[in-house]
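Summary of the model geometry
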There are 2 protein chains.
Amino acid sequence: MREVFHQSLEDVQSRLVEIADLVVTAIDKATRAFAGSDVALAEEVITDDALIDEKAVALDELAIEILARQQPVARDLRIVVTALRVSASLERMGDMAEHIAQLSRYRFPERAIPKGLKSTFVKMGELDVAIARDLSTLLRTEDLRLADAIRNADDDVDELHARVFEKVLSDKWKGEAEATVDATLASRYHERFADHAVSVAKKVVYLATGDWTADTETIETVVAEQAAKD
Amino acid sequence: MREVFHQSLEDVQSRLVEIADLVVTAIDKATRAFAGSDVALAEEVITDDALIDEKAVALDELAIEILARQQPVARDLRIVVTALRVSASLERMGDMAEHIAQLSRYRFPERAIPKGLKSTFVKMGELDVAIARDLSTLLRTEDLRLADAIRNADDDVDELHARVFEKVLSDKWKGEAEATVDATLASRYHERFADHAVSVAKKVVYLATGDWTADTETIETVVAEQAAKD
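Residues numbered from 1 in each chain as written. Chains lettered and ligands numbered in written order. Predicted model: local features only at pLDDT ≥ 70, side-chain atom pairs only at ≥ 80, totals over all residues. Heavy atoms only, no water.

**Describing helix α4 (residues 118-141) of chain B**
Along an α-helix, a turn takes 3.6 residues, which lines up residues three or four apart on a common side. So the rule is basically this: Strands here mean DSSP runs of E at least two residues long; helices mean DSSP runs of H or I at least four residues long; both are numbered from the N terminus. Expected helix span is given by 1.5 Å per residue-to-residue step, counting one fewer step than there are residues.
Between its terminal C-alpha atoms α4 of chain B stretches 35 Å, which fits the 34 Å expected from 24 residues at 1.5 Å a residue. Positive phi shows up at Glu-142 of chain B, right after α4 of chain B, with a value of about 55°.

**Re helix α5 (residues 145-169) of chain A**
Selection rule: Buried, partly exposed and exposed residues are distinguished by accessible area as a fraction of the type maximum, computed with a 1.4 Å probe on protein chains only: under 20%, between the cut-offs, and over 50%, respectively. We call two residues contacting when some pair of their heavy atoms lies within 4.5 Å.
Counted at 1.5 Å a residue, the expected span for α5 of chain A with its 25 residues is 36 Å, and the 37 Å between its end C-alpha atoms agrees. Inspection of α5 of chain A places Leu-146, Ala-147, Ile-150, Ala-153, Asp-154, Val-157, Leu-160, His-161, Val-164, Phe-165 and Val-168 of chain A among the buried residues, and these make up the whole buried set. Of the surrounding secondary structure, the elements contacted by the buried residues of α5 of chain A are α4 (118-141) and α6 (177-209) of chain A together with α6 (177-209) of chain B.

**Re the nonpolar core**
Side chains that are nonpolar tend, in soluble globular proteins, to be buried together. Threshold: In this description, a nonpolar core means a group of buried Ala, Val, Leu, Ile, Met, Phe, Trp, Tyr and Cys residues linked to one another through side-chain atoms lying within 4.5 Å.
One finds Leu-90, Leu-138 and Leu-139 of chain A together with Leu-90, Leu-138 and Leu-139 of chain B to be the most contacted residues of the largest nonpolar core, which totals 161 residues. A per-element tally of this core places α6 of chain A first, with 17 residues.

**Some thoughts on the packing of helix α3 (residues 74-107) of chain A against helix α2 (residues 39-70) of chain B**
Stated formally: Every axis corresponds to a line fitted to the C-alpha atoms, with the helix fit spanning only the stretch in contact, and the corresponding angles, defined between N-to-C directions, vary from 0 to 180 degrees. Each angle is binned into one of four classes, with values under 35 degrees roughly parallel, values over 145 roughly antiparallel, values of 65 to 115 roughly perpendicular, and all other values oblique. Here a crossing is taken to be left-handed if its near helix is turned anticlockwise relative to the far helix by less than a right angle, and right-handed if that turn runs clockwise. Following the grouping adopted for this structure description, the nonpolar residues are Ala, Val, Leu, Ile, Met, Phe, Trp, Tyr, Cys and Pro, the charged ones are Asp, Glu, Lys and Arg, and the polar ones are all others, Gly among them.
It is at 11 Å that the axes of α3 of chain A and α2 of chain B come closest, and there the two elements cross at 140°. Here α3 of chain A lies oblique to α2 of chain B, going by the angle between them. In terms of crossing hand, the pair formed by α3 of chain A and α2 of chain B is right-handed. Of the residues in α2 of chain B, those touching α3 of chain A at Leu-77, Val-81 and Arg-85 of chain A are Asp-60, Ile-64, Leu-67 and Ala-68 of chain B. Taken together, the residues of the contact of α3 of chain A with α2 of chain B sort by class into 5 nonpolar, no polar and 2 charged.

**Concerning the side chain of His-161 of chain A**
Residue and element names in this part refer to chain A. Considering the arrangement of structural elements, one finds His-161 in helix α5. The class for His-161 is buried, based on a relative accessible area of 14%. Once residues within four sequence positions are removed from consideration, His-161 is found in contact with Met-124, Ser-187, Arg-188 and Glu-191.

**Structural notes on the relation of the copies chain B and chain A**
The criterion, for reference: We place the copies in one frame by least squares, fitting the C-alpha atoms of every residue whose pLDDT is at least 70 in both.
With an RMSD of 0.0 Å, the fit of chain B onto chain A corresponds to turning through 180° and sliding 0.0 Å along the axis. What we have between these two chains is a two-fold relation. The position closest to the rotation axis in chain B is occupied by the C-alpha of Gln-71 of chain B, lying 2.8 Å away. Comparing interface residues between copies, 100% of those in chain B also lie at the interface in chain A; the contact surface is shared.

Honestly, it's all geometry; don't read function into it.
This is the structure:
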């Protein structure tokens, strides 16, 4: 029985990492489709999002089954609760990637990135991909330094998000309404993607520290302990 | 011990309803602030959002504590798991209300609703408020007919959301970039608010039926059973 239990807990964690990896692929493809007006790549992201949704639902079912049958406590309980809470955010990250892909499809064969904003969106896209990669590694290793890295990258995304609005609302902006709508939505999707990653990272901190509202000091202590073990 | 247990389960449910009621107030004030450029009302929504966030975190802590100490099963377990999953969506609904309020504050003393879209946004706001009210009642009573009502109202919101984009992207649209940005974001926030409500409603269906992926038939059966009891 104990054997089976630990098997299913490992299953929970490996499924979380699997979904996170699907999200990495989705955001990587979506941002490349968006930058390069690659409609075939965009279609792939849109089709594959169903798989992320499916896997998130299946993970929830497994988590609830474990709670019902095995009544885990302490760290085991935290793993299951974290999985339940994280799966929803990963699923939303997949949705954001899908929305970005949809923008490139709508505008095809024209470019989806409005003039004058290409480098900003390319940078935002690269940050989102890096954030997703770090998140997958964080879920696999619980190396909390990655939670810090994700928070910092999210700050950079927020800055670029603000820059998009500055440009769009400046007197120099010559875009049509369509370009303005696209810039607004695309920027919001990129920014939300990063936000969800920060929210997942926080939950992994909870998993590692057992502290739901762990402050910076607690996290730094754990990071220091982790570093000492390396 | 059993006594204490049932006390805390009732506490979980009443806290969910309490948060839902705060969300009703938030969206009601936010949409009125948005339609009437009432910056004082907008400020209230922005300030009060912290309370929703706080109560959602406290509810999560309670739910996890119950899982750890009381190891609930069957319906009791479903109540606790539903609370964990629903609190995040309610918190996001509060955020959407806050974002709508922020739009009215940014544009003050000008009107936040772009010209030609007033009646559309007023209607969207009314639908969001009605959805929030139904959601609070659904959480209190588990009357699944309300889940249907919420889904239908969400369809109406989606239609209005599409209409906003039709208007903004039509040749007749004369709005500046600022009006286009505002319309895009405001419409998205109203639409997301309703989406989150649908997602909460689904989880209440799970709570009532025990079926995570309950189809329409299952729901109709439960609704019929509920109606027979009335």
